[in-house]
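An overview of the molecular structure
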Amino acid sequence: MSASESVAPTPAPRTGAAATLVAVPGPVRDIGLLLTRVLLGVVLIAHGWEKLVTNGAGATSEFFDSVGVPAAQAAAVFAGVVELAGGILLVAGLLTQVVAALVVVVMFGAYLFVHQGAGIFATNGGWELVAVIALAATVFGLAGPGRYSLDALIVARRTAGRRTATA
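Residues numbered from 1 in each chain as written. Predicted model: local features only at pLDDT ≥ 70, side-chain atom pairs only at ≥ 80, totals over all residues. Heavy atoms only, no water.

Considering the overall build of the protein chain
Each helix and strand in the protein chain was counted, giving six helices and zero strands. Reading the secondary structure of the protein chain in the N-to-C direction produces α-α-α-α-α-α. In the protein chain, which comprises 167 residues, the share counted as buried stands at 28%. Sequence-distant contacts in the protein chain: of pairs separated by 6 or more residues, those separated by 24 or more amount to 65%. Carbon and sulfur atoms make up 70% of the accessible area of the protein chain, which amounts to about 10,600 Å² in all. (Helix = DSSP H or I, 4+ residues; strand = E, 2+ residues; numbered from the N terminus. Buried < 20%, exposed > 50% of the residue type's maximum accessible area, 1.4 Å probe, protein only. Contact = heavy atoms within 4.5 Å. Areas by Shrake-Rupley, 256 points an atom, 1.4 Å probe, with all protein chains shown as cover.)

Here's the deal with the pattern of salt bridges
On inspection of all chains with the given rule, the structure shows three salt bridges. Residues D30 and R29 are paired through a salt bridge, measuring 3.1 Å at the closest nitrogen-oxygen approach. With relative accessibility at 4%, the residue D30 sits in the buried group. Look at R29 and you get partly exposed, because its relative accessible area is 41%. Between K51 and E83 there is a salt bridge; the shortest N-O distance is 2.9 Å. Taken as a pair, K51 in helix α1 (residues 26-54) and E83 in helix α3 (residues 72-92) lie far apart in primary sequence, 32 residues in all. A relative accessible area of 4% means that E83 is categorised as buried. What emerges from the salt-bridge pattern is a single network uniting R29, D30 and R147. (Salt bridge = Lys/Arg side-chain N within 4 Å of Asp/Glu carboxyl O.)

With respect to a nonpolar patch on the surface
Taken together, the side chains of F63, F108, L112, F113 and V114 make up a nonpolar region of the molecular surface, amounting to roughly 430 Å² of accessible area. It is helix α4 (residues 96-115) that provides the largest number of residues to the nonpolar patch, a total of four residues. Take L112: it is sitting in helix α4. The class of L112 is partly exposed, set by a relative accessible area of 38%. (Patch = residues over 30% accessible without salt bridge, like charges linked within 9 Å, V, L, I, M, F, W, Y side chains within 5 Å.)

Remarks on the side chain of T96
Take T96: it is sitting in helix α4. Among the polar contacts listed, one links the side chain of T96 to the side chain of D151, at a separation of 2.7 Å. In contact with T96, not counting residues within four places along its chain, are L90, F140, P145 and D151. (Polar contact = N/O pair within 3.5 Å; in protein donor to acceptor, adjacent residues only side chain to side chain.)

Quick notes on the packing of α1 against α3
Put simply, α1 and α3 touch, their axes get as near as 7 Å, and they point 150° apart. Comparing the axis directions of α1 and α3 gives the class roughly antiparallel. Of the two elements, α1 crosses α3, and the hand of that crossing is left-handed. On α3, the residues touching R37, V38, L40, G41, V42, L44, I45, H47, G48, W49, K51 and L52 of α1 are A76, V77, A79, G80, V81, E83, L84, G87, I88, L90, V91 and A92. Split by residue class, the contact of α1 with α3 holds 16 nonpolar, five polar and three charged. (Axes fitted to C-alpha atoms, helices over the stretch in contact; angles between N-to-C directions. Parallel < 35°, antiparallel > 145°, perpendicular 65-115°, else oblique. Left-handed = near helix turned anticlockwise from the far one by under 90°. Nonpolar A, V, L, I, M, F, W, Y, C, P; charged D, E, K, R; others polar.)

See below:
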């Protein structure tokens, strides 16, 4: 090839949600998000239930106080409610981004006050579970809950309402 011949430009790599090696059909993606969101929600519900009902807010508060959590009573109730109610909301796919942010805050607190010094493995009291929960919540906060969610239904209705209002 001579210097005077033009070379076809190389297309720029795709970025964002579309940047995958294998195309995933939309319905498969949305079913995957639904199943993952429901499983995360169930895990959070179990942990919130444990804090508020099984152990009770008082015992949870005592534990929080023993590990140095400030305002242990308020923190215990906050963590329990975020996990229990947040888990329920995640299962439904409602207020997903708000729940995700709150779950990350709770998991960061759990890391700082309980799991940080215990290594990685949860079997030794380590931080792996709180990290995975925080990361999963972060994904839903950034990517959204998927098509099969109340959030998506609300957005679809708002969009349809705007279309009829401008028509």
